[in-house]
Amino acid sequence: MTLISTAVRATHLVTNAAWFGGSLMGAVGLNQAAREPDTERERVEVSGTGWERWGPVQGAAIGLHLLSGIAILADNRNRVATHPPTTAAVVAKTALTGAAVAASAAAYVYGQRLGDASGEDGHPRQPEVAEDARGKLAWLQWATPALTGALLVLDAQLGEQQRGRAGLLDRPW
């Protein structure tokens, strides 16, 4: 294993961790904290400000995750093509990655719609648009951490496929 390979794999894991952790923190912490202000507009502003600050970091993490994933796939192309368990895991991982990107993009779009539909006086300018966006965001906020968490599990499985002899954790107790 080369230093470059290690760096690419580390980048892939760390960027997935950032994507997972940031989206989970948003769902558990930021979005819950945004319910505390008195008016709807203030609630939208609190949540919106937090996500606007995190957005560039998450965008960079997603981009680097995709690029490092392509590099890992290119590096392991023979194993992916000839080892059926690896092929299946890579196909599943690719599908989950696409779904996670779509969920993240959809959450961004609906967050923008909610912000745009919110009025200055605490009453939505477009109540139907705001309610639709709020409803979509209620489940989208959990989709990204669920999907990126599943990617972390598949990374662990792929790592186990490359391991040699059984280790301490594999012994029956």
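This text goes with the structure placed above it.
Residues numbered from 1 in each chain as written. Predicted model: local features only at pLDDT ≥ 70, side-chain atom pairs only at ≥ 80, totals over all residues. Heavy atoms only, no water.

A. View of the overall build of the chain. Summing up its helical and strand segments, the chain has five helices and zero strands in all. Counting from the amino terminus, helix and strand elements in the chain follow one another as α-α-α-α-α. Computed over its C-alpha atoms, the radius of gyration of the chain comes to 20 Å, more than 25% above the 16 Å expected for a compact globule of 173 residues. The dimensions of the chain, computed from C-alpha atoms along their principal axes, are 65 × 40 × 25 Å. Counting over 173 residues, the chain shows a buried share of 32%. For the chain, contacts bridging at least 24 residues in sequence account for 74% of all contacts bridging at least 6. Within the structure as shown, the chain displays about 10400 Å² of accessible surface, and the carbon and sulfur contribution to it stands at 66%. If the 15 positive side-chain charges of the chain are averaged to one point and the 16 negative ones to another, these points end up 14 Å apart. (Helix = DSSP H or I, 4+ residues; strand = E, 2+ residues; numbered from the N terminus. Rg over C-alpha atoms; globule rule 2.2 N^0.38 Å. Buried < 20%, exposed > 50% of the residue type's maximum accessible area, 1.4 Å probe, protein only. Contact = heavy atoms within 4.5 Å. Areas by Shrake-Rupley, 256 points an atom, 1.4 Å probe, with all protein chains shown as cover. Lys, Arg positive; Asp, Glu negative; His and termini not counted. Charge placed at Lys NZ, Arg CZ, Asp CG, Glu CD.)

B. The pattern of salt bridges, seen in detail. Enumeration according to the criterion identifies three salt bridges in this entry. For Glu131, the salt bridge identified is with Arg134, shortest N-O distance 2.8 Å. You can see Glu131 and its partner Arg134 sitting in helix α5 (residues 127-161), three residues apart, about one turn around the helix. Given the relative accessible area of 28%, Arg134 is considered partly exposed. Of the charged contacts in the structure, one is a salt bridge between Lys136 and Asp132, with a shortest N-O distance of 2.7 Å. Of this pair, Lys136 and Asp132 both sit in helix α5, separated by four residues, roughly a single helical turn. What makes Asp132 partly exposed here is its relative accessible area of 35%. (Salt bridge = Lys/Arg side-chain N within 4 Å of Asp/Glu carboxyl O.)

C. Highlighting the environment of Leu30. Mapped onto the elements, Leu30 comes out in helix α1 (residues 3-33). By relative accessible area, which is 15% here, Leu30 ends up buried. Separated by 20 residues in the primary sequence, Leu30 and Gly50 place their C-alpha atoms 7.1 Å from one another. Once residues within four sequence positions are removed from consideration, Leu30 is found in contact with Met25, Val46, Ser47, Gly50 and Trp51.

D. Looking closely at the nonpolar core. Counting residues in each nonpolar core, the largest one holds 15 residues, and the members touching the most others are Trp19, Ala103, Tyr110 and Leu114. Mapped by element, the contributors of at least two residues to this core are α2 (40-75), α4 (84-117) and α5. With seven residues, the top contributor of residues to this core is α5. Ignoring any residue separated from it by four or fewer positions in sequence, one finds Trp19 in contact with Gln58, Ile62, His65, Thr97, Ala100, Val101, Ser104, Thr144, Thr148 and Leu151. (Core = buried A, V, L, I, M, F, W, Y, C linked by side-chain atoms within 4.5 Å.)

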